[in-house]
Every structure is written in structure tokens, then in C-alpha cells.
Amino acid sequence: MIDQARYETLAPRAFSYPLVLIACVLLAGVGAYCALTMEHAGHSITGMNNHVVWGLPHVFAVSLIVAASGALNGATMASVFGLAHYKPVARLSIALAMSLLVGGLLVLVLDLGRPDRLIIAMTTYNFRSVFAWNIFLYNGFLIIGAWYLWMMMERRFNQYVPLAGRVALAWRIILTTGTGCIFGFLVGRNALDSALLAPMFIALSLVMGTAVLSLAIIALNRWTAAILNEQLIDSLSRLLVWFVLALVYFSVVHHVTNLYVAEHHEIERFTLVGRFSGVFWIAHIIIGAVLPIGILVYKSISISMHIRLIIGSVLSLMGGAALLYVVIIGSQSTPQSLFPGKTVLSSSFGDADIPAYQASIWEWGLGIGGVAFALLLCLLLLRVLPLLPESLTATEPRQ
Amino acid sequence: MKPTPSDQNKAVSARRSFLQRLGLLGAATAVAPALLPAISRAKVTALKGVSDEQRWGLMIDTSKCATGCDACVRGCHDEHGISSTGNEHTDAQWIRKIDLQDNLTGQESSLPMMCQHCDSAPCVDVCPTGASFKRADGVVLVNKHTCIGCRYCMMACPYKARSFIHEPVTDQKSLAPRGQGTVESCTLCVHRIDADDDLQPACAVSCTEEGHSAILFGDLNDSESDISIAIAKHDAQQVRSDLNLNTGVRYAKL
């Protein structure tokens, strides 16, 4: 399938473009400062401790990584499933996916206790570790993404785009499975020890990726002064609804099956009616699922589809992040059951207590800095490479 | 002067040869990082004389462990130069005391909890760089030079037995190097047991000095050792035996 549409670099006409660029640079700078401070002073300045060892930076990092995998869906729709109305945004989809992944990895790396030892992580592997597999999966995603984009941009190689699309689709499914397995393989933590986390993370990636891609398309459409393709907006809206439903399905099955197992009752009580119930029910279920589905499905509400998609995307992003907050931080806040049938009377390390976790400003700064860096990288890619169609309405091949 | 077909063939051949060598170099570069640590580990193991003939472990007799006594914790901290940072949530916890009550009988017990030196250690499995490793004699350790501080081992440990160093560390002891931004846990006092077969881990020594003798150290592979006999006699249990980790620390009368 030869792509004959004309593509151009981002030539912003709107005043908001330099403002966004400056904001991204400033926030990325704040993130770098926070990371440097954390490395210098130690993690004691964060809210993380020896009970809650992974905190808000991990919620940001995993959100960006799964969103990266899902954002590639725009290109997949065009190259693998042959949906022509996705073709104009296919290049943007790849650039966005690669940028989000780099942003997520940056947060993850800068939160390490020893980020200066990154070279060790890149050269010394324990192949029994799902974390080590993920290093290969992330690097592979970037290489495959670059190859996919090259096949699209070089007309001589356009014939290989469907092949690259299929390889990228398979790779991102494996990648998101691997990310889910980072948590699902933790046999010692009853809240996480479940194979269901892998498909749940795939659904989560599709929700967050589609939401980010939708917001990017609508924002860029404003800057490039093109009229948005209604078919694309309609398709993204319907996809987002289905993906949110899939995510809720896996989330519900995960908790219902846990409720069936007696040893998981305490964890479920903790999540569903305990300290994290507000985040789970209000943020994940109501804000992240019920409201976006309602807004996107019930057309009787008199607002345009653009606005519906913007609101639906923002809400589902919040819901996805809330789910990750429950999965990552909630699971660590549950007391680990070491002695079934016994009550812990006292412990010098708070074995009976629910550990408190309050994210510090440094963690917020690092996480937001990672998001800003991802957006900055995407804008730079759009500025230097011809990734945007002359008009986002260009679904028909043009000479 | 125009190149002849022979010159062109030579050039193609030279280029092919160069590319082949480049490929070999690339393959060697890719494989070397995986092989070198294995080779260097093998040498270190041979020099230290650590072998799988022994499997070091502990047995805790909870009926002898006194509620309110933390001699083992103090002994461990003194031995390894661990002091409080002022924040109990970020303090290193190589060993901690837990008091329990049985839900059915109401019987109370007290015990120390530390790294269980699992045979199938989850921390070793998940460590991306292999910094968490198990010696041939069953002691689970952290290589402080290759730990990147990702804390995945802490997420994986069912016993909450690992600590991340959140603050700069001062006044370290040479026998127990520690480092900000890395993970650490009970080493079973390898510096003592490697130096002399008669030396015991600091926690066991402190417990004995306190008059409780609740912690017994020895070779689990030797069926005639005191620890093996005691484990068999008391039918000592593993904590979270459902995980089937084959722990090196067993608890009697739990």
C-alpha cells in the first residue's frame, strides 16, 4: 500500500504552540532538578520508604509506558486493519508512542537508587527476571518503531509497512504483557499475584494510548488549522468506549475472583471498602469508566463529538492512572500476611500497620517532568520530520 | 583511472570481509557481557572455597525467644554498623522482632524475622542485573557493585526482609559495605562464617549471650549437625511454606 499523501513538519500558526513548548521545557527542567535532588539527598526526601518502595514516579512511568504501547494503535489501525481514515495519523501515532516510552523510561531510570549505574542495567542481564526481559522489550519497541516509521516515510519501502505494522502490533502486545507481568509475577504479594494483570495491562494500554492519541490529534489539528476528520473522531470515540469496557471487565474479574479466595479477602476489603476504596470506586470506576462511557455513548447530550472525545479521553486517563495507583501503591499498603491464623501483636517494623504513603513534591516533579519530556520529544519529532499530513482530513491519496 | 572489474571484485571482497568481521565483533560484544560475570563469579567462588556441600541456615525456637527482648536486633546492628536515621520507616531492617498471638488458642509467641535465605529466592529471580544472588552454600546476598536500586527485589520478597538505603551512609564498617541507593538485607554474617567455621552470626551470638539460645546456626545439609537434629526434633516450619521456597531459616513451635 503506497502512501501518496503529502506530509509536512509541524508549522505552528497558533500562539499557543510556543507557550506549550516553553511549558514543556520548564517542566522537564523541573523534573531533572527533582531527579538530581533525589539522587543527591537520597530517597528519604520522597514519600517512599521501606514499606512502600515504589511510589508516584512508578505510577507516572508505567502510565507513560502503557500509553506508549496503546498510542501505536493509530498506526496499527491503518497498517494492519486497513482503516484508511487512520492513515493520516499513523506517523504521528508512532512518534507519539516512541516519545511516551522514552518519557516513561526516563522517569523509571531517574527514580533508581543508582541511576548512574544504568550502563550495568543495559549490559548485565539476569534472564530469569521479567524486569530484564522488559529492558529488551522497551529497546525493541523503540527500534521497531523507528523501522516502522522509516518504512512509512520512505516511499520505496512502503510495501513493507503492513509487515512492520504486524511486527509492531505483536511486539507491543508482548511488551504490555511483560509490563503487567512485572506486577503479576510477585508471588509474595497477594494483591498482585495474578496472571490477569497481563491482559488487564493490555486493556489499560489501549485506553490510555487511545486517549493520549485522541488528545494529540485534536490539539495538533488546532495548530495546523485543519478541519478534523469526523470519521476519525467517531472511530476513536467508539474505540475508547470499547477499550474502557474491556479494562473494567478485567478489573471486575480480577476482584471477583479474588473475593472467591479466602486468603485474599483482607486485601479485597482493603481495596473495595478500605483506604483505597475512594481511588478505586470514584477515580477508577466512576471518573475513569462510567463518566467517559456516558459522555461518549449518549449523544443526546448537546456537545460536539470533539468536546466529548476530549472529556472522555481526559477522564479515562485519570481513571487509568487511578487504577495503576491502586495496583502499585495499594498493593504495597496492604500488610503482608506472613502468619495465617495468627494476629501480629507488635512488630518493630510495623507488620500489623497499614503504611502511610504521601507523595512528595519531588516525586510529583519527576513524574510531571517525564510527561513534559515525552511531549517535548514528540513536538521536536513533529517539528523536524514530515509526520503530519498537509491536512488531517487527507484520507484520500493526493499527488 | 577507471577501476578494472578485478579491482571492483577485490573491493567487494574486502568490503564483505570487513562486514563479516564487524558482524563477529558485534556478536562478541553482545555475548561478552553475559559471559564475563559468569566467569568472574566462578573464580570468586573457587577462591572463597564456598561450596554446595554446606547449606547454612538458622533455626529459631520461638518458645525460647523472649517477648520484649531485641538482643538479636542490637547484635546485628552493632556488627554491621547500622544505626537509626531518625525515620523508622526508612531505617534499615535486616532483622526485626514480631510478637504474635494464635487466633484459635490465644497462645502468644515472639520471633525474629530476617532474610529467610530461600533456596528458590524470589529476590534472586526478579533482580534485572543479577545483583541479588545466592551463593553455593545457600546464603542470599546483594552485590553492592551491580545493584541499581530498582527495589524490585523488595517488591518480590514475601518477608519484607530487604531494606533500601534512603540516606547517605557514614561510618561504615569494612566488613559490611553499605551504599545509599542500594538494597541490603541479612547476610547471615558471611564475613564471620567464611572466616571460621566455629564463628556464628551476630544475632545467634547475642541471643546466647542474653541467655535465651533461641537462634541456632548450622549446616542444613549435614544430617548430624545440631541444627538438622533440632529441626527434625521440633518439626520446625517455614514461614509461608505455601510458597514452597525451601527457606534456610526454620521456626520451631510456631
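A brief report on the enclosed structure follows.

Scoring rules and cut-offs
- Residues numbered from 1 in each chain as written.
- Chains lettered and ligands numbered in written order.
- Predicted model: local features only at pLDDT ≥ 70, side-chain atom pairs only at ≥ 80, totals over all residues.
- Pairing = 2+ DSSP bridges.
- Helix = DSSP H or I, 4+ residues; strand = E, 2+ residues; numbered from the N terminus.
- Axes fitted to C-alpha atoms, helices over the stretch in contact; angles between N-to-C directions.
- Contact = placed C-beta atoms within 7 Å.
- Nonpolar A, V, L, I, M, F, W, Y, C, P; charged D, E, K, R; others polar.
- Buried ≥ 20, exposed ≤ 12 C-beta atoms within 10 Å, placed from the backbone.
- Expected span 1.5 Å × (residues − 1).

## Topic: the sheet that holds strand β8 (residues 215-219) of chain B
All names here are of chain B.
Next, step 1: Pairing is mixed across the open sheet formed by three strands, whose spatial order is β8-β1-β9. Looking at which strands have only one partner, the edges of the open sheet turn out to be β8 and β9 (249-252). Shown here is a sheet whose adjacent strand axes are inclined to one another by a mean of 25°, direction ignored.
Next, step 2: Of the pairings in the sheet, the one linking strand β1 (residues 56-61) to β9 comprises four bridges and is parallel in character. Along β9, the bridge assignment pairs Asp-61 with Ala-252.

## Quick look at the interface of chain B and chain A
Next, step 1: Across the boundary between the two partners, chain B contributes 52 residues, which contact 40 residues of chain A.
Next, step 2: For the side of chain B that touches chain A, the secondary-structure elements that each account for two or more residues are α1 (5-48), β2 (95-102), α3 (122-126), α4 (152-156) and β6 (163-164) of chain B.
Next, step 3: Take the side of chain B that touches chain A: its biggest share by element is seven residues, from β2(B).
Next, step 4: Residue composition of the side of chain B that touches chain A, by class: 25 nonpolar, 16 polar and 11 charged.
Next, step 5: Here strand β2 (residues 342-347) of chain A pairs with β2(B) via five bridges, running antiparallel. Considered in β2(B), the bridge of A:Ser346 is made with B:Asp99.

## Here we look at unusual backbone geometry
Residues and elements named next belong to chain B.
Next, step 1: Although it is not a glycine, Arg-240 adopts a positive phi angle of roughly 55°.
Next, step 2: Along the polypeptide, Arg-240 turns up in the loop between α7 (226-234) and β9.
Next, step 3: With 20 C-beta atoms packed within 10 Å, Arg-240 lands in the buried category.
Next, step 4: One non-glycine residue with positive phi stands out, namely Asn-244, at about 55°.
Next, step 5: On the basis of neighbour counts, which here come to 12 C-beta atoms within 10 Å, the residue Asn-244 falls in the exposed class.

## Things to note about helix α4 (residues 90-110) of chain A
Next, step 1: An ideal rise of 1.5 Å per residue puts 30 Å on 21 residues; α4(A) measures up with 30 Å between its terminal C-alpha atoms.
Next, step 2: When you tally the buried positions in α4(A), you get 19 out of 21 residues, the bulk of the element.

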